[in-house]
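Analysis of the macromolecular model
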Amino acid sequence: MEVKTSLLDNMIGVGDMVLLEPLSEDSFIENLRKRFDHNEIYTYIGSVVISMNPYRSLPIFTPEKVEEYRNRNFYELSPHIYALADEAYRSLRDQDKDQCILITGESGAGKTEASKLVMSYVAAVCGKGQEVNKVKEQLLQSNPVLEAFGNAKTVRNDNSSRFGKYMDIEFDFKGDPLGGVISNYLLEKSRVVKQPRGERNFHIFYQLLSGASDDTLKKLKLDRDYSKYNYLSLDSAVVNGLDDAANFRTVKNAMQIVGFMEDEVQSVLELVAAVLKLGDIEFKPESRCNGSDESRIKDKNDLKEMCELLGIEQSVLERAFSYRTVEARLEKVSTTLNVAQAYYARDALAKNLYSRLFSWLVTRINESIKAQTKARHKVMGVLDIYGFEIFEDNSFEQFIINYCNEKLQQIFIELTLREEQEEYVREGIEWTNIEYFNNAIICDLIENHQNGILAMLDEECLRPGTVTDETFLDKLNTICAEHQHFESRLSKNSKFLTDHSLPHNCFRIQHYAGKVLYRVEGFVDKNNDLLYRDLSQAMYKANHSLIKQLFPEGNPGKVNLKRPPTAGFQFRASVGTLMKNLQTKNPNYIRCIKPNDKKASHIFTDSLVCHQVRYLGLMENVRVRRAGYAFRQAYEPCLERYKMLCKRTWPHWRGPAREGVEVLMADLPVPAEEFSFGRSKIFIRNPRTLFFLEERRRQCLQDLATLIQKIYRGWKCRSHFLLLKKSQIVVAAWYRRYAQEKKYQKIKSATTVVQSYTRGWQARKLLRELKYQKRCEEAVTTISAFWHGTQARMELRRLKQEARNKHAVTVIWAYWQGTKVRREYRKFFRANAGKKIYDFTIQRIMQKYFLGLKSTMPSMSPIDKSWPARPYRFLDGVHRELPRIFHLWRCKKYRSQFTEEKKAVYEEKLEASEIFKDKKALYPSSVSQPFKGDYLEISTNPKYQKLNSAVDEKVLLADVVNKINRANGKGTARIFLLTKKSVVLADQKTGQVKASVPLPDLASVSVSTQSDGFFALRLKEGSASAVKGDFLLSSEHLIEIITKLHRTGATAADSKQLNVDISDEFLVQFKHDKVCVKFIQGAPKNGNSVSCKRKNNRLLEVSVPTTA
Ligand SMILES: Nc1ncnc2c1ncn2[C@@H]1O[C@H](COP(=O)(O)OP(=O)(O)OP(=O)(O)O)[C@@H](O)[C@H]1O
Ligand SMILES: [Mg+2]
């Protein structure tokens, strides 16, 4: 790809008019034409961009082009609007200078397109991100919405802006867009009700009718047919190359992106529809009795539909079209409207409705695109105002539009021409003055506060009495007659008396861009911009939130009798504010030129272009640029920027900045005439010199960057190297250590291996030797064993032989001896042998019997009755005696183990056996039960502590017994205590002693023969205890109680013994009666319990169940 470094490369004609040689109007136009023919639509005059409208799309606005121009020097590439946009954006971002882009040119010259190009370029190059992209999108999408409502087809331009627009785009410090503010200037609202021939109404009407769905149209009560609507001119309703339906979709989409709510869009469309409907309301005259005409609505259907759309009561609006109420202080006068007035009122309402809707749209868009942060921001303003226009029939709107263009031209002149020249003078730079046309005089003609046209129009509007457009013209004729830019047939200036091109009801102004003939008709009305209060009140009453908002003055609660400021006044004020605003910013100019009047591409009409070049003052602009200096900069920033180009100023210059710059420039190969030193600035004549400086600076910066890079890289490499070196030493040390360790471990393991092999080898050798030795020893042993064995066997054989021989000798000797003895004792043998053998045999048998008995002895248990069987009958006596002796011995042994206590126990048991054995059936079951004595643990149990203390003696027996009641035979539990001296009966629960019987008072004890526990303590007659009578008791430990009583009683009574009567029938003395207690054997009832029943006074029967 070809890389351009200067706009001079491959230049078609001259890219910058400053370089044009020779400079003349013809060569200027020729240069423009040449470039235009080669599709070079942009040409510079210094930093001003001239833009020719190509009337076709050129492939120079692609994303690639954006990238090409991005961050490039202004003079580096061929002229382009992008270069200007880039320059403005960069100086905004990098130098913190607010910018404004002023786009001027006549209608159709391409201002709106240029403004969109600038915005799209800035949007493309500034920051990205979700939030930023949303802001960008909203800013960009505000254009289609405003164009739809504010642009219309005119004879000059199919998309002519019918309002002025100034948009401030706000950026943060990084250059990212934050939001924006749009200001709109006077919409040409007369277009709503009437359009000149060949023109149409605002785009939105056509877009709505052709683009909206059937459903939407039905809702809006509209018909797709344009011809149904009076406000839509028919002759040019369809514009070539303009797809209204598609544009409608674009607009709706744009509204959605900008942030309009669904219901807001609907309300807006309802208003648009209402305007269309309003145009169709027609009036007819109706004569009144006083002879005057009164207007009546012809067909109320449209009115009805419109009222339905806007939620207005039909009668209210109908009345507002018929009457006009004038309020003055306390008075209220109502007059009827005639047909003309009704039409006027209708159109005024339509215009107001539409223009207020438009202003609301701008406000609403502003709400959406408003910057969200309050942080300080930089601003880039883009001004796209309606272009200067001359129509056949020019009215108030054109007057205003052209005034605005005058002001813009003024500011251009101010800043580019006058300011520049003044600066040269101020800076003391040698300078020959350049003549140029200053349009301040025209501005003054229009806006002068005392006798300016606008001031006079206001004066006329506010004046009491009859005011008409003619009176206004008269006034102009008198006051402005002498002004050299004002022309009127009836002015005092007789020059124009015979000028037939100047009709009577017109005046002409020589604008900077040409003469414009204004028809005064409507000037007063349009300036007044009055809407009958009845109408605004009717609108306020609407049940439609948007309409209500648009007509706040209709609020009856806030009636304002003051006249609202006139349209002209408002416009002048807002233009004044705009101019002030623009003057605070760094201007960037785009001068748009229209190549032909046919809206056609490839046609370059010299005269038309020449006219524009002239009135735009482009020639003067070039002359000033050429005579002057292309670039200027204060010394400090200049020195700061270029000080690296000279060794003496780099890196620091200690002296004053100016001297520094002088030294710097002297050092550079730049001819002296190329620059001049002003008081505070250096002026550089040629852009190329500047570019040369920039180029040198860029190279120097590159060199410096290289130097910094070199030093940095050197430092980085060195520190890296040192680090590597240090690391290498550490690594080497560690590695060496590691290697040595490895080597050592290897040697060590090798040594171990060698050692183990050697040791193994030695061990094996030793083992072999030892094995050999062992084998030798074994062999020796074996041999010697065999040898010894042989020897032993031989010896054994010899000994055996010897023993056999000896035995044989002994046997032989014994036989011989026997023979000898028998022979010798034969004579004694028969007499004693029998007895001796018998004794011997008996002795042997006894011996054997006793030895055998030793091992078959029975156990040591005295009850073991076993005894080994008798072997021989002759031992019968021994056999009988021996067990007895053994048993006695065994019992003695057994007894000898007994302690005294045990002995006493056994004695008791023995006594029990003596008393009861074979006498009482209960006895056998008691044998195995030990006599415990104290069953209640009376001495230790705290319960019986009291009882224990009541008894002095040692308790021999303590048990619970049943005391039998003689009355019913039932038992009562009593504690039975036996001490050495007495028997005590006590209450079981309380432990209270019930009876204490000294043992000597006991006569006898009676028990039955059966297995019951009944016993009777029979007392000696006459004893102290006998008073209460005998005791009949029963106990579970009967045997023990009686035995103990028997033993103790005997001791106590010093008698031999206490009698124990065992019989099944005995008498018991209860107090005075004697009762017989009889024991019978009964069938077991209620288990095995013994039952005692009183049979009669003298008999108690105890039934004892038979035990199986
Ligand atoms: N750079 C361009 N490339 C292609 N066509 C262009 C360009 N600039 C303008 N045009 C064409 O010229 C027409 C008029 O341009 P534009 O609407 O920008 O004029 P204007 O100066 O804003 O006029 P007005 O003052 O009436 O608003 C556009 O609709 C478009 O067809
Ligand atoms: Mg425009």
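Brief notes about the site of ligand 1
Taken together, 19 residues lie around ligand 1, and Ser-107, Lys-111, Thr-112, Ser-160 and Ser-161 are the ones closest in. Between ligand 1 and Gly-110, the relevant distance is 2.9 Å, taken from an oxygen atom to a main-chain nitrogen or oxygen of the residue. Interatomic distance of 3.3 Å between a backbone N/O atom of Asn-159 and an oxygen atom of ligand 1. The protein chains hide 87% of the 620 Å² of surface that ligand 1 would expose on its own. At the level of elements, helix 4 (111-125) and strand 5 (160-161) are the ones that each hand at least two residues to the shell around ligand 1. Looking at the shell around ligand 1 element by element, the count peaks at 3 residues for helix 4.

Structural notes on the packing of helix 10 (residues 262-279) against helix 13 (residues 339-369)
For the pair helix 10 and helix 13, interaxial distance at closest approach is 9 Å and the crossing angle is 160 degrees. Considering their axes alone, helix 10 and helix 13 lie roughly antiparallel with respect to each other. Handedness of the crossing formed by helix 10 with helix 13: left-handed. Across the interface between the two elements, Glu-264, Val-268, Leu-271, Val-272, Ala-274, Val-275, Leu-278 and Gly-279 of helix 10 pack against Arg-346, Leu-349, Ala-350, Leu-353, Tyr-354, Leu-357, Trp-360, Leu-361 and Arg-364 of helix 13. Grouping the constituent residues of the contact of helix 10 with helix 13 by class yields 13 nonpolar, 1 polar and 3 charged.

A few points about a nonpolar patch on the surface
Taken together, the side chains of Ile-708, Tyr-712 and Trp-715 make up a nonpolar region of the molecular surface, amounting to roughly 380 Å² of accessible area. Checked against the element boundaries, Trp-715 lands in helix 26 (residues 687-855). Under the relative-accessibility criterion, Trp-715 is labelled exposed at 53%.

As for the coordination of the magnesium ion (ligand 2)
Here the magnesium ion (ligand 2) is held by the protein donor atoms Thr-112 (OG1) and Ser-161 (OG), which lie 1.9 to 2.1 Å from it. Here Thr-112, found in helix 4, pairs with Ser-161, found in strand 5; they are 49 residues apart in sequence, far enough to count as distant. By relative accessible area, which is 11% here, Thr-112 ends up buried. Under the relative-accessibility criterion, Ser-161 is labelled buried at 8%.

Remarks on unusual backbone geometry
That bond from Trp-650 to Pro-651 is cis: its omega, 0 degrees, falls within 30 degrees of zero. Position of Pro-651 among the secondary structure elements: in the loop between helix 24 (635-642) and helix 25 (657-667). A positive phi angle, close to 55 degrees, is found at Tyr-55, a residue other than glycine. Along the chain, the position of Tyr-55 falls in the loop between strand 2 (48-52) and helix 2 (63-69). In this structure, Lys-221 is a non-glycine residue whose phi angle is positive, near 60 degrees. Relative to the helices and strands, Lys-221 is located in the loop between helix 8 (214-219) and helix 9 (244-258). Residue class for Lys-221 comes out partly exposed when judged on its relative accessible area of 29%.

A closer look at the pattern of salt bridges
Here the idea is simple: oppositely charged side chains can pair when their charged atoms come close. Tallying each qualifying case throughout the model produces 58 salt bridges. In this structure, the salt-bridge partner of Asp-597 is Lys-594, at a minimum N-O distance of 3.5 Å. Here the salt bridges share partners, and the residues they tie into one network are Arg-162, Glu-188, Arg-191 and Glu-199.

Remarks on the sheet that holds strand 21 (residues 971-979)
In space, the 8 strands of this open sheet follow the order 23-22-21-20-26-25-24-27, with mixed pairing throughout. At either margin of the open sheet sits one strand with a lone partner, and together these are strand 23 (993-998) and strand 27 (1059-1062). Across the sheet, the mean angle from the axis of one strand to that of its neighbour is 30 degrees, orientation sign disregarded. Strand direction decides the pairing type here: strand 20 (residues 955-964) and strand 21, joined by 9 bridges, are antiparallel.

Points about the layout of surface pockets
Considering only enclosed or pocket space, the largest pocket measures out at about 1,800 Å³ in volume. Residue lining of the largest pocket: 50 residues in total, with Glu-87, Lys-97, Asn-586, Phe-631 and Arg-632 positioned closest to the centre. Elements with a contribution of two residues or more to the lining of the largest pocket: helix 3 (81-95), helix 14 (396-427), strand 16 (586-593), helix 23 (618-627), strand 17 (631-634), helix 24 and helix 26. Ranked by the residues each element gives to the lining of the largest pocket, the list is headed by helix 26, at 8 residues.

Describing helix 10
Taking 1.5 Å per residue as the helical rise, helix 10 with its 18 residues ought to reach 26 Å, and the 26 Å between its terminal C-alpha atoms agrees with that figure. Within helix 10, 15 of the 18 residues are buried, which leaves the element mostly enclosed by the surrounding structure.

Focus on helix 7 (residues 203-211)
For helix 7, a buried count of 8 out of 9 residues is recorded, marking the element as mostly surrounded by other parts of the structure. Among all positions in helix 7, only His-203, Ile-204, Phe-205, Tyr-206, Gln-207, Leu-208, Leu-209 and Gly-211 are buried.

Regarding the sheet that holds strand 28 (residues 1065-1070)
Taken together, 4 strands build an open sheet; the order of strands is 28-29-31-30 and the sheet is mixed. Either end of the sheet is taken by a strand with one partner, and the two such strands are strand 28 and strand 30 (1091-1096). Within the sheet, the average angular offset between the axes of one strand and its neighbour, ignoring direction, is 30 degrees. When strand 30 meets strand 31 (residues 1099-1105), the two strands line up antiparallel, connected through 5 bridges. Among the inter-strand pairings, Cys-1092 is bridged to a residue of strand 31, identified as Val-1102.

Notes on the pairing of strand 23
Relative to strand 23, strand 22 (residues 982-987) runs antiparallel, the two sharing 5 bridges. The partner of Val-983 across the bridge, within strand 23, is Val-997. Here strand 22 hands over to strand 23 after 5 residues, with Gly-991 in that stretch at a positive phi of 80 degrees.

Description of the side chain of Asp-1001
With respect to the helices and strands, the residue Asp-1001 is situated in the loop between strand 23 and strand 24 (1002-1007). One buried charged side chain, Asp-1001, makes no salt bridge at all; its nearest oppositely charged neighbour is Lys-1020, positioned 6.3 Å away. Residue contacts for Asp-1001: discarding those within four places in its chain leaves Arg-1018, Leu-1019, Lys-1020, Ser-1023, Ala-1024 and Ser-1025.

As for the environment of Pro-177
Mapped onto the elements of the fold, Pro-177 is located in strand 7 (residues 177-185). Spatially, the C-alpha atom of Pro-177 lies 139 Å from that of Leu-799, the residues being 622 residues apart in sequence. Setting aside its immediate chain neighbours within four residues, Pro-177 contacts Cys-126, Val-132, Val-135, Lys-136, Leu-139, Glu-170 and Phe-171.

As for the packing of aromatic side chains
Within the structure shown, the criterion is met by 36 aromatic pairs. For the ring pair Phe-507 and Phe-523, a centre distance of 5.7 Å and an interplane angle of 75 degrees mean the geometry is edge-to-face. With a gap of 16 residues between them, Phe-507 in strand 14 (residues 506-511) and Phe-523 in helix 18 (residues 523-528) connect regions that are remote in the sequence. Exposure remark for Phe-507: the relative accessible area of 0% places this residue in the buried category. Seen from the ring of Tyr-323, Arg-319 lies directly overhead, with NZ or CZ sitting 4.4 Å from the centre. The ring of Phe-260 has Arg-364 sitting right over it, with the charged end atom 5.1 Å from the ring centre.

Digging into a positive patch on the surface
Residues Lys-963, Lys-994, Lys-1028 and Lys-1071 make up a contiguous surface patch of positive charge. Secondary-structure assignment places Lys-1028 in the loop between strand 25 (1014-1019) and strand 26 (1031-1034).

Considerations on the environment of Gly-259
Positionally, Gly-259 belongs in the loop between helix 9 and helix 10. A relative accessible area of 22% places Gly-259 in the partly exposed class. Sequence separation between Gly-259 and Gln-138 is 121 residues; the distance between their C-alpha atoms is 8.0 Å. Beyond its immediate stretch of four places on either side in the chain, Gly-259 contacts Glu-264, Arg-364 and Ser-368.

So, the environment of Glu-25
With respect to the helices and strands, Glu-25 occurs in helix 1 (residues 25-37). Residue Glu-25 is classed as partly exposed on the basis of its relative accessible area of 24%. As for Glu-25 and Ile-401, which are separated by 376 residues in sequence, their C-alpha atoms are 28 Å apart. Every residue in contact with Glu-25, bar those within four places of it in the chain, is listed here: Cys-610, Arg-614 and Met-619. There is a polar contact of 2.9 Å between the side chain of Glu-25 and the side chain of Arg-614.

Focus: the nonpolar core
Counting residues in hydrophobic clusters, the biggest one holds 186 residues, and the most contacted among them are Phe-28, Phe-149, Phe-205, Leu-317, Phe-321 and Phe-507. No other element matches helix 13, which puts 15 residues into this core. Other than its neighbours up to four places away in sequence, Leu-317 contacts Leu-303, Met-306, Cys-307, Ile-312, Leu-349, Leu-535, Ala-538 and Met-539. Listed in part, the 30 residues of the second largest apolar core include Phe-976, Val-983, Leu-1017 and Phe-1031.

Rules used in this analysis
Residues numbered from 1 in each chain as written. Chains lettered and ligands numbered in written order. Predicted model: local features only at pLDDT ≥ 70, side-chain atom pairs only at ≥ 80, totals over all residues. Heavy atoms only, no water. Near = heavy atom within 4 Å. Polar contact = N/O pair within 3.5 Å; in protein donor to acceptor, adjacent residues only side chain to side chain. Areas by Shrake-Rupley, 256 points an atom, 1.4 Å probe, with all protein chains shown as cover. Helix = DSSP H or I, 4+ residues; strand = E, 2+ residues; numbered from the N terminus. Axes fitted to C-alpha atoms, helices over the stretch in contact; angles between N-to-C directions. Parallel < 35°, antiparallel > 145°, perpendicular 65-115°, else oblique. Left-handed = near helix turned anticlockwise from the far one by under 90°. Contact = heavy atoms within 4.5 Å. Nonpolar A, V, L, I, M, F, W, Y, C, P; charged D, E, K, R; others polar. Patch = residues over 30% accessible without salt bridge, like charges linked within 9 Å, V, L, I, M, F, W, Y side chains within 5 Å. Salt bridge = Lys/Arg side-chain N within 4 Å of Asp/Glu carboxyl O. Buried < 20%, exposed > 50% of the residue type's maximum accessible area, 1.4 Å probe, protein only. Donors = N, O, S within 2.8 Å, 3.2 Å for Na, K, Ca; no water. Pairing = 2+ DSSP bridges. 1 Å grid on protein atoms, 1.4 Å probe; cavity = no way out; pocket = protein on both sides within 12 Å on 5 of 7 lines; lining within 4 Å. Points joined across faces, edges and corners; volume = space filled by probe spheres on them. Expected span 1.5 Å × (residues − 1). Lys, Arg positive; Asp, Glu negative; His and termini not counted. Phe/Tyr/Trp six-rings, centres within 6.5 Å; stacked < 30°, edge-to-face > 60°. Lys NZ or Arg CZ within 6 Å of the ring centre and 35° of its normal. Charge placed at Lys NZ, Arg CZ, Asp CG, Glu CD. Core = buried A, V, L, I, M, F, W, Y, C linked by side-chain atoms within 4.5 Å.

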